[in-house]
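Residue-level structure breakdown
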Amino acid sequence: NLEFSVTREVAAAGDGREETRRFVQAAGSAFLLLGAVGAALIAAAGWPLSRGLHLAAQERRLALVLFGLVGIEFLANRLTQFARAVLAGLRRFDAVNQVGIAAALLRAAGIVGLLAAGAGLAPVAAWQAAVSTAAGLAALAVVGRIAPRYGLRLGAFRWSLIRPHVSSGIAVSCALGIDAAY
């Protein structure tokens, strides 16, 4: 998959070749694009799915809010995934673990605090989305500080730079899937 391709290319580049930098920038755009499209699809799915559940009006509104929050979290997780791939390629597993541990602790403490205060599902889901967003932004900031050449930059999506990596990523994913099945 694209995450493994980013990790592999960053690890192989060592000195930060220009070709690798362009690929990582294109991959970052792809992660952002996939995250935004996925978030929009998840949020949009809330409309028909909440109607299909035959919920009361108040619960339908809650379902729509929850779908929106899950969409936000999906986008944030794609940003984290990109940053994690770059950091793993740089062999900065300490940074990957620090961001992950901090997010897990914040997530747990917030959820426990919200539930202890009697909060409902929407505040818990909002906290989850907020922590995921903060973790994604923190991971991107770490990449920007450690290796600015691989930081996420908004730009045009360039399929030509990603295409060679996607086909090999699909093959690896299939091989791992087949291997896991046996």
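Residues numbered from 1 in each chain as written. Predicted model: local features only at pLDDT ≥ 70, side-chain atom pairs only at ≥ 80, totals over all residues. Heavy atoms only, no water.

The share of residues in the chain with pLDDT of 70 or more is 86%, and the mean pLDDT across the chain is 87. Low pLDDT (under 50) marks residues 171-182, which in the prediction has 2 contacts with non-local residues, meaning those over four places away or in another chain. (pLDDT = per-residue confidence, 0-100. Contact = heavy atoms within 4.5 Å.)

So, on to the packing of helix H1 (residues 2-13) against helix H3 (residues 57-89). Put simply, H1 and H3 touch, their axes get as near as 7 Å, and they point 30° apart. Relative to H3, H1 is oriented roughly parallel. The element H1 and its partner H3 pack so that their crossing is right-handed. Two secondary-structure elements touch here, H1 through Glu3, Val6, Thr7, Val10 and Ala11 and H3 through Gln81, Arg84, Ala85, Val86, Ala88 and Gly89. Residues belonging to the contact of H1 with H3 are distributed by class as follows: 6 nonpolar, 3 polar and 2 charged. (Axes fitted to C-alpha atoms, helices over the stretch in contact; angles between N-to-C directions. Helix = DSSP H or I, 4+ residues; strand = E, 2+ residues; numbered from the N terminus. Parallel < 35°, antiparallel > 145°, perpendicular 65-115°, else oblique. Left-handed = near helix turned anticlockwise from the far one by under 90°. Nonpolar A, V, L, I, M, F, W, Y, C, P; charged D, E, K, R; others polar.)

Below, the discussion takes up the pattern of salt bridges. Evaluated as defined, the whole model comprises 3 salt bridges. Residue Glu3 is joined to Arg84 by a salt bridge in which the shortest nitrogen-to-oxygen separation is 3.2 Å. Here Arg84 lies in helix H3 and Glu3 lies in helix H1, a separation of 81 residues in the sequence. Residue Asp94 pairs with Arg92 through a salt bridge whose shortest N-O separation is 3.1 Å. Using a relative accessible area of 29% as the deciding quantity, one classes Arg92 as partly exposed. (Salt bridge = Lys/Arg side-chain N within 4 Å of Asp/Glu carboxyl O. Buried < 20%, exposed > 50% of the residue type's maximum accessible area, 1.4 Å probe, protein only.)

Take the packing of aromatic side chains next. Using the criterion set out here, one finds 1 aromatic pair in the structure. Of note, Arg78 hangs over the ring of Phe74, and the distance from its end group to the ring centre comes to 4.4 Å. (Phe/Tyr/Trp six-rings, centres within 6.5 Å; stacked < 30°, edge-to-face > 60°. Lys NZ or Arg CZ within 6 Å of the ring centre and 35° of its normal.)

Now for unusual backbone geometry. Despite not being glycine, Arg91 shows a phi value in the positive range, around 60°. With respect to the secondary-structure elements, Arg91 resides in the loop between H3 and helix H4 (93-116).

Turning to H1, a few remarks are in order. The end-to-end C-alpha distance of H1, which contains 12 residues, comes to 16 Å, matching closely the 16 Å that a straight helix rising 1.5 Å per residue would cover. All of the buried residues in H1 are Leu2, Glu3, Ser5, Val6, Glu9, Val10 and Ala13. Projected down its long axis, H1 carries its buried residues within an arc of 160°, all on one side. Capping the start of H1 is the job of one residue whose side-chain oxygen sits 3.1 Å from the backbone nitrogen of Glu3: Asn1. (Expected span 1.5 Å × (residues − 1). Arc of directions from axis to C-beta. Polar contact = N/O pair within 3.5 Å; in protein donor to acceptor, adjacent residues only side chain to side chain.)

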